[in-house]
Amino acid sequence: VFFFFYFGLGLKLRKYTSATAVYDNITSSENSLGYGLSSRFYVIKDLGLKFSFEKAFRLQEASEMFGDGVNTIANLDLKPEHSYNINFGAFYSKAIKKNHQLFIEANGFLRYAKDFIYAKVYQSNTPRTIYENLDKINISGVEAEVRYNYKNILTASVNASYQKSISFSSANSTSNENTYNKKLPNQPWFFGNADLGIGHDDLLGKNTRIQFNWSISFIHWYYRTWEGLGAVIDDIPTQAIQNISLTYSLQKSRYNISLECNNLSNQLAYDNFKLQKEGRAFYVKFRYFFSKN
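### Topic: the overall build of the protein
Thinking step 1. When you go through the protein residue by residue, the secondary structure sums to one helix and 14 strands.
Thinking step 2. A globule of 293 residues ought to have a C-alpha radius of gyration of about 19 Å, yet the protein, at 24 Å, is considerably larger.
Thinking step 3. Along the first, second and third principal axes, the C-alpha set of the protein runs to 80 × 50 × 50 Å.
Thinking step 4. Relative to its full complement of 293 residues, the protein shows a buried share of 31%.
Thinking step 5. Partitioning the intrachain contacts of the protein with sequence separation of at least 6 by distance along the chain shows that 57% fall at a separation of at least 24.

### Overview of empty space enclosed by the protein
Thinking step 1. Applying the stated criterion across every chain, the model contains one cavity of 30 Å³ or more.
Thinking step 2. In this structure, the largest cavity is lined by Gln163, Lys164, Ser165, Lys183, Leu184, Gln187, Pro188 and Trp189.
Thinking step 3. It is strand S8 (residues 154-167) that provides the largest number of residues to the lining of the largest cavity, a total of three residues.
Thinking step 4. Per-class residue counts for the lining of the largest cavity are three nonpolar, three polar and two charged.

### Considerations on the environment of isoleucine 198
Thinking step 1. Counting through the fold element by element, isoleucine 198 comes out in strand S10 (residues 190-201).
Thinking step 2. According to the relative accessible area criterion, isoleucine 198 is partly exposed, its value standing at 42%.
Thinking step 3. Spatially, the C-alpha atom of isoleucine 198 lies 15 Å from that of valine 158, the residues being 40 residues apart in sequence.
Thinking step 4. When neighbours within four sequence positions are excluded, isoleucine 198 is seen to be in contact with Ile153, Leu154, Ile210, Gln211 and Phe212.

### Considerations on the side chain of serine 215
Thinking step 1. When you line up the elements, serine 215 lands in strand S11 (residues 209-219).
Thinking step 2. When neighbours within four sequence positions are excluded, serine 215 is seen to be in contact with Ala194, Asp195, Ile241, Gln242 and Asn243.

### Regarding the nonpolar core
Thinking step 1. By size, the foremost hydrophobic cluster in this structure holds nine residues: Phe109, Ala113, Phe116, Tyr118, Leu134, Ile137, Ile139, Leu184 and Trp226.
Thinking step 2. Of all elements in the fold, only strand S6 (100-122) and strand S7 (128-150) reach the threshold of two or more residues within this core.
Thinking step 3. Residue contributions to this core peak at four residues, all from S6.
Thinking step 4. With residues near it in sequence (within four places) discarded, leucine 184 still touches Phe116, Tyr118, Leu134, Ile137, Ser165 and Trp226.

### A few points about the pairing of S10
Thinking step 1. In this sheet, S10 lies alongside S8 in antiparallel orientation, the contact comprising nine bridges. Within the sheet, the bridge partner assigned to tyrosine 162 lies in S10 and is phenylalanine 190.
Thinking step 2. Relative to S11, S10 runs antiparallel, the two sharing eleven bridges. Along S11, the bridge assignment pairs alanine 194 with isoleucine 216.

### Quick word on unusual backbone geometry
Glycine aside, negative phi is the norm for most residues, and most peptide bonds take the trans geometry.
Thinking step 1. Even without a glycine there, the phi angle at asparagine 266 is positive, about 55 degrees.
Thinking step 2. If you trace the backbone, asparagine 266 turns up in the loop between strand S13 (255-262) and strand S14 (281-288).
Thinking step 3. For asparagine 266, a relative accessible area of 41% corresponds to the partly exposed category.
Thinking step 4. Unusually for a residue other than glycine, lysine 274 sits at a positive phi of about 65 degrees.

### Topic: the pairing of S11
Thinking step 1. Bridge count between S11 and strand S12 (residues 239-250): eleven bridges; the pairing is antiparallel. Of the residues in S12, the one forming a bridge with asparagine 213 is serine 245.

Calculation rules
Residues numbered from 1 in each chain as written. Predicted model: local features only at pLDDT ≥ 70, side-chain atom pairs only at ≥ 80, totals over all residues. Heavy atoms only, no water. Helix = DSSP H or I, 4+ residues; strand = E, 2+ residues; numbered from the N terminus. Rg over C-alpha atoms; globule rule 2.2 N^0.38 Å. Buried < 20%, exposed > 50% of the residue type's maximum accessible area, 1.4 Å probe, protein only. Contact = heavy atoms within 4.5 Å. 1 Å grid on protein atoms, 1.4 Å probe; cavity = no way out; pocket = protein on both sides within 12 Å on 5 of 7 lines; lining within 4 Å. Points joined across faces, edges and corners; volume = space filled by probe spheres on them. Nonpolar A, V, L, I, M, F, W, Y, C, P; charged D, E, K, R; others polar. Core = buried A, V, L, I, M, F, W, Y, C linked by side-chain atoms within 4.5 Å. Pairing = 2+ DSSP bridges.

Shown next, in the form of structure tokens:
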């Protein structure tokens, strides 16, 4: 399959120049053509291969360029990001006597990006974010997933990803930090998830279902600042967050009530900029699905 994209962006803004103490009217436009191809075929009945190549663009978002006046600083010089992306992988799917279903998939990817857009946090009494361009970023990685189903009773899945994001920019455009051959900050390089679901129909009455779900999200420690520029104690630590839920459904899932617990073990949890997230939390949810019947 061959495909094409057209990317167009027009900007009209007023930029303050401190040297002349005046506002300059600036207009600019970006017009680019992206393209690519993708293909998949089966080697044997249950085993397939896939491949794709793409020249892609990512246009700046309004909040990234103009900020929000509170937490995000404006950067009117932010440029669009463009990249060459290569993906390749294999997948295997097998059904055994209609009761057991197994699916395995593994993929590799390469990405060569220029003017890469990333978020940088200025640490002060009130941390603020600014979006900047990096001249050149190379990203490579692998990911894999295994899923298993047994009838409508048991589902289980495990997935894991490893990626390496290396900057080949000589210096950060704003702060002149040396970023050459260093890992990109605020992005984990090894992470994964595991899910288990157990349910049964008509166990507590006709057209009812009771469902239990457990999941764990694992993230290996990673850098909060540029590799080699920050202290180890400042890095974002390894996290393994567990969530569980119990759902009772009636009248073929029209009425649903769920009890949920997030962060079951009450671990310290952080986002990509080491801002602490909530600890153990409990929720009760009611859902109703409308139907014409």
